[in-house]
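These are the residues of each chain, in order.
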Amino acid sequence: MSSLSLRERAIAAVGLLVFAVALLAAGRGLASGSMGEILRVRFGGDAERTRVVIDLDRTTRGQVIQAGGDGHVVLSLAGVSPPERRSGDGQGLVRDFRVAGAGAASRIELDLATSAEIERRFLLPPGDGITHYRYVIDLKATGRAPTRREPRVAAPRPAERPLIYIDAGHGGRDPGATGAHSRESAVTLAAAQALKTELERGGRYRVRLTRDSDAYVDLYRRVAIARQAGADLFISLHADAGADPATRGASVYTLSEQGAGRAVREFTRGENWQRSLNLPGRDASVDRILLDMTQRATQNRSAQLARTLLGELEGADHPLLRRSHRDAGLAVLLAPDVPAVLLEMGFITNPEDERLLNDARARRRLMQAVAEGIDRYFREPSGELQMAAAGGSGAN
């Protein structure tokens with residue numbers, strides 16, 4: 001009885017060993033926790049039936065995420081990383097494919113030429129002279145239209161550099177505020193030219209000025225120039241003034257709610273305002289809703305720009321007013337489709353601010369901070385948005 005018990009135990013031990021070896025051989029990549037590799041993706045078949053073969057250097061487990069009814073087949077293959085060629089054209093039912101890493105797995109995405117279903121899928125181990133694993137997906141056309149079709153998007157062309165308009169406040173017969181030693185129109189023009197130099201230095205932007213000399217340009221004309229050129233951003237530079245010479249610091253203005261209403265009223269006064277905004281022009285009420293949405297999005301983007309500018313100015317130790325983000329219905333902020341801010345660089349009526357605004361090195365440091373803020377604005381277009389606080393007054 002004792003020898004029989006030993007024999008049974010020996011057979012059981014051998015059986016367990018064989019099972020363990022087989023399990024290890026079948027799943028060495030998954031069992032060890034190391035990542036295998038997708039070697040290539042191959043196709044065969046026609047518009048009725050198509051076979052997709054994914055060559056692997058080790059075993060895997062597949063999970064279907066999308067089965068093809070919406071024009072896409074998506075699978076996750078555990079324990080393998082993507083191949084060098086991560087996308088390409090398909091064949092038969094498969095228009096094209098993509099492979100992406102997804103944590104400890106790869107995500108296989110097949111864009112279908114028409115609706116199809118997975119007829120079967122299976123894993124083939126090495127054998128018959130083939131030294132690698134093969135994950136096989138057999139697709140069969142269903143004859144049904146996809147439940148959701150997505151247009152095939154052509155490869156994007158390199159984006160054109162953003163166009164920035166810098167508006168030097170005042171000019172010509174409108175000199176603006178006056179300090180002890182300078183006029184606002186001269187200070188703003190020097191700052192605008194310095195900012196243009198900073199922005200053009202990296203070659204990332206196209207930059208233009210609303211005026212490049214001591215000339216008068218109507219406030220509404222400044223906005224029209226930027227809109228007609230298709231500007232992506234409008235920044236108007238000014239120097240503040242106050243009755244108390246001790247008051248100093250920069251601030252940034254964005255369009256107020258009252259100003260936004262005024263902008264919409266003035267914009268819709270003309271006969272062809274829909275065409276100016278590329279709106280359908282078939283239904284006035286629908287176009288008005290679209291205009292309101294455009295205006296709101298522009299206000300949000302302007303508020304985001306204001307915050308990035310103030311953050312950079314503060315980081316550069318440039319003095320700021322206590323309430324430095326303000327809003328008003330200023331004429332240069334009225335464009336409904338161009339994000340815009342007005343930067344009061346400091347108080348020309350304060351001796352220290354006036355000295356900084358007229359010092360070339362200090363002015364360059366200030367404009368470097370403004371350029372950094374603009375860079376951040378374009379780098380972080382989807383940042384959290386909030387409107388400027390209500391209240392405040394501003395300059396023209």
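Right above here is the structure, for reference.
Residues numbered from 1 in each chain as written. Predicted model: local features only at pLDDT ≥ 70, side-chain atom pairs only at ≥ 80, totals over all residues. Heavy atoms only, no water.

S.K.: How should the sheet that holds strand E10 (residues 133-141) be read in this particular structure?
M.R.: Paired through backbone hydrogen bonds, the strands of a sheet run either parallel or antiparallel to each other. Within the open sheet, the 5 strands sit side by side as E5-E1-E2-E10-E9. Their pairing is mixed. Strand pairing shows two members of the sheet lacking a second neighbour, strand E5 (80-81) and strand E9 (116-124), which therefore form its edges. The sheet contact formed by strand E1 (residues 36-45) and strand E2 (residues 49-56) spans 7 bridges and is antiparallel. When the bridges of E2 are listed, Gly-45 appears paired with Thr-50. (Pairing = 2+ DSSP bridges. Helix = DSSP H or I, 4+ residues; strand = E, 2+ residues; numbered from the N terminus.)

S.K.: What should I look at first to understand the sheet that holds strand E7 (residues 94-101) in this one?
M.R.: The 5 strands are arranged E3-E4-E8-E7-E6 in an open sheet whose pairing can be described as antiparallel. On the outer flanks of this sheet lie strand E3 (62-67) and strand E6 (87-89), each paired with one strand and no other. On average, each strand axis in the sheet is tilted by 15 degrees relative to the strand beside it, whichever way the strands run. Note: E6 against E7, 3 bridges, orientation antiparallel. Within E7, the residue paired with Gly-88 across the bridge is Phe-97. (Axes fitted to C-alpha atoms, helices over the stretch in contact; angles between N-to-C directions.)

S.K.: In this structure, what is going on with unusual backbone geometry? I would like to understand it.
M.R.: As a rule of thumb, non-glycine residues mostly have phi less than zero, and peptide bonds are mostly trans rather than cis. The residue His-170 is not glycine, and still its phi comes out positive at about 65 degrees. Assignment of secondary structure puts His-170 in the loop between strand E11 (163-168) and helix H3 (184-201). Here His-170 falls in the buried class, since its relative accessible area comes to 10%. Positive phi, normally seen in glycine, also occurs at Asp-317, with a value near 65 degrees. Locating Asp-317 in the fold gives a position in the loop between helix H7 (284-315) and strand E15 (320-328). (Buried < 20%, exposed > 50% of the residue type's maximum accessible area, 1.4 Å probe, protein only.)

S.K.: How do you make sense of the packing of helix H8 (residues 351-358) against helix H9 (residues 360-379) when you look at a structure like this?
M.R.: To describe two helices that pack against each other, one gives the angle between their axes and the distance between the axes. Close contact between H8 and H9 brings their axes to 5 Å; oriented N to C, the two are set at 85 degrees. When the interaxial angle is binned, H8 and H9 end up roughly perpendicular. Along the contact surface, H8 presents Leu-356, Leu-357 and Asn-358, while H9 presents Ala-360, Ala-362, Arg-363 and Leu-366. Taken together, the residues of the contact of H8 with H9 sort by class into 5 nonpolar, 1 polar and 1 charged. (Parallel < 35°, antiparallel > 145°, perpendicular 65-115°, else oblique. Contact = heavy atoms within 4.5 Å. Nonpolar A, V, L, I, M, F, W, Y, C, P; charged D, E, K, R; others polar.)

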